[in-house]
Amino acid sequence: NGLDGVCLAVPTGTEHDEIIDAAAVLPEVRIFRGDEYDVLSRTFHAARENDANIVMRVTSDCPLIDPDVSSAVLAAFKASTVDYARTAFTHGYPHGFDTEVFKVTALATAYKNATDLDEREHVTPYIWRRPETFSSLEIDHQPDYRHWRMMVDTQEDYALVERIYESLYPQNPNFGFSDLRELIDINPTLLDLNRNIEHPKLAGMPKAKV
């Protein structure tokens, strides 16, 4: 809720053309193609091409993203005067529900000035590493589910998400966070499928605010 449009920022290269083919059934979704590794550049130019003032960013390795969670981040951002809002870094929602909302003016500053490779690859570190320049807020959730890894970077991650979809999708294609919690309450051993995967931590990651 609250979005004016959706844009897929897809890397250039024929190996990514399948994304374009899949999106063809969604004519309302806009496509922008840019550098595969400089994701900051790709995101900035996608925002500029679409005349955006505010960007909500979710990533393609998070197939369980819940629109209600993302909408809550957007609503909190709009109700504030901050430059940047997101789900909390270190506790709250599971990894894989991460949502960021930020002003394009902040994105433009990052695009112009960021030089570290991880700031170019991960889009927003230049912003959240500089709280003295960019005001921010984080959206928490209690109880804490941040130890759940609900994203797909490894075969173990894929195995977990596959099991989740097999369990929930046939009955409810629009399942969300509450359905996922119920499933894990019934089958807690599902989390063992990728429990050994350590989530990478970027330098300078701030602590979540309560």
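Residues numbered from 1 in each chain as written. Predicted model: local features only at pLDDT ≥ 70, side-chain atom pairs only at ≥ 80, totals over all residues. Heavy atoms only, no water.

1. Here's the deal with the sheet that holds strand β3 (residues 54-57)
- One open sheet accounts for four strands, arranged β3-β5-β4-β6; its pairing is mixed. Strands with a single pairing partner mark the edges of an open sheet, and in this sheet they are β3 and β6 (136-139). Ignoring which end each strand starts from, the neighbouring axes of this sheet average 10 degrees apart.
- The sheet contact formed by strand β4 (residues 84-87) and strand β5 (residues 100-103) spans three bridges and is antiparallel. Note on β5: the bridge partner recorded for R86 is E100. (Pairing = 2+ DSSP bridges. Helix = DSSP H or I, 4+ residues; strand = E, 2+ residues; numbered from the N terminus. Axes fitted to C-alpha atoms, helices over the stretch in contact; angles between N-to-C directions.)

2. Some remarks on the packing of helix α7 (residues 155-168) against helix α8 (residues 177-186)
- Direction vectors running N to C along α7 and α8 enclose 100 degrees, while the axes themselves pass 11 Å from each other. Judged by the angle between their axes, α7 and α8 are roughly perpendicular. Residues I164, S167 and L168 of α7 form the contact with α8, whose participating residues are D179, L180 and L183. (Parallel < 35°, antiparallel > 145°, perpendicular 65-115°, else oblique. Contact = heavy atoms within 4.5 Å.)

3. Some words on α7
- Taking 1.5 Å of rise per residue, 14 residues should cover 20 Å, and α7 covers 20 Å from first to last C-alpha, within 8% of that figure.
- All buried positions along α7 are accounted for by D157, L160, V161, I164 and L168. Seen end-on, α7 carries its buried residues on one side only, within an arc spanning 95 degrees. Exposed positions of α7 whose direction lies more than 90 degrees from the buried face are Q155 and E166. (Expected span 1.5 Å × (residues − 1). Buried < 20%, exposed > 50% of the residue type's maximum accessible area, 1.4 Å probe, protein only. Arc of directions from axis to C-beta.)

4. Digging into unusual backbone geometry
- Omega for the peptide link from Q142 to P143 comes to 0 degrees, which places this bond in the cis form.
- Mapped onto the elements, P143 comes out in the loop between β6 and α7.
- Look at D51: it is not a glycine, yet its phi comes out positive at around 55 degrees.
- Positionally, D51 belongs in the loop between α2 (39-49) and β3.
- At V123, a residue that is not glycine, the phi angle is positive and equals roughly 75 degrees.

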